[in-house]
Amino acid sequence: QIAFLAAGRTLAGPGDITLSGGTAGTVSYSAPIADLPGGSYSVTARYAGDTHVASSVSTGVPVVVTPETSSVALTAFLVDFTTGTYEPVTAPVPAGSVIYVRAQVTGTSGEGWPTGQVRFVDSAHPSTPTNLNLNSSGYAEIQSTSLSVGAHSIVASYQGDPSFDASSSRSE
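Criteria and cut-off values
Residues numbered from 1 in each chain as written. Predicted model: local features only at pLDDT ≥ 70, side-chain atom pairs only at ≥ 80, totals over all residues. Heavy atoms only, no water. Helix = DSSP H or I, 4+ residues; strand = E, 2+ residues; numbered from the N terminus. Buried < 20%, exposed > 50% of the residue type's maximum accessible area, 1.4 Å probe, protein only. Lys, Arg positive; Asp, Glu negative; His and termini not counted. Salt bridge = Lys/Arg side-chain N within 4 Å of Asp/Glu carboxyl O. Polar contact = N/O pair within 3.5 Å; in protein donor to acceptor, adjacent residues only side chain to side chain. Contact = heavy atoms within 4.5 Å. Pairing = 2+ DSSP bridges. Axes fitted to C-alpha atoms, helices over the stretch in contact; angles between N-to-C directions.

This brings us to the side chain of Asp122. Mapped onto the elements, Asp122 comes out in strand S9 (residues 117–122). Within the buried core, Asp122 has no salt-bridge partner, and the shortest N-O distance to an opposite charge, that of Arg119, equals 14 Å. Reaching out from Asp122, the side chain makes a polar contact with the backbone nitrogen of Ala124 at a distance of 2.9 Å. Setting aside residues up to four positions removed in sequence, Asp122 forms contacts with Leu147, His152, Ser153 and Ile154.

A separate point is the side chain of Ser97. Among the secondary structure elements, Ser97 is positioned in the loop between strand S7 (85–88) and strand S8 (99–107). Among all residues touching Ser97, those that are not within four sequence positions of it are Leu78, Ser144 and Thr145.

Sheet strands pair via backbone hydrogen bonds, and the direction of the pair is either parallel or antiparallel. Taken together, four strands build an open sheet; the order of strands is S7-S6-S8-S11 and the sheet is antiparallel. The strands lining the two open edges of the sheet, one partner per strand, are S7 and strand S11 (139–144). Strand after strand, the sheet turns through a mean of 35° between neighbouring axes, direction not considered. Across nine bridges, strand S6 (residues 70–80) lies against S8 in antiparallel orientation. Bridging across to S8, Leu74 finds its partner in Ala103.

Right under this line is the structure:
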């Protein structure tokens with residue numbers, strides 16, 4: 001049985017690999033690396049041993065995992081408190097309306113969840129941005145009941161983490 005390890009963890013992989021006849025063989029490993037955040041690693045193979053051959057660990061092979069490209073999708077919506085439904089903001093809204101703006105951060109692979117912060121900036125108040133942590137589903141959301149009368153253009157900027165590059169939304 002052979003296991004592949006990096007950063008003290010067993011990597012997801014092909015499962016048990018059996019060497020036939022008790023002789024030395026070559027085993028290659030290929031698997032998604034969603035288990036490893038961006039960074040530099042030394043990947044080793046560990047053979048558990050059997051009655052004919054002792055256990056052993058290979059020398060490490062350097063592997064560099066680069067952060068993947070991320071994107072931020074920004075959505076603004078109103079809550080209709082009488083029905084409990086969410087409605088996309090498609091036209092001017094009355095002053096004092098409760099508006100939610102959600103920034104959803106995803107990676108191009110669709111694997112894993114970005115972590116870290118999103119910065120929301122309102123064009124009407126650029127000197128007072130709001131920084132929020134992404135939740136476990138990869139989004140952050142602001143609520144506003146105090147938008148001043150006039151046009152507002154909101155942009156969300158993701159700060160990035162070891163596995164996902166920084167990115168920004170289009171204005172909403």
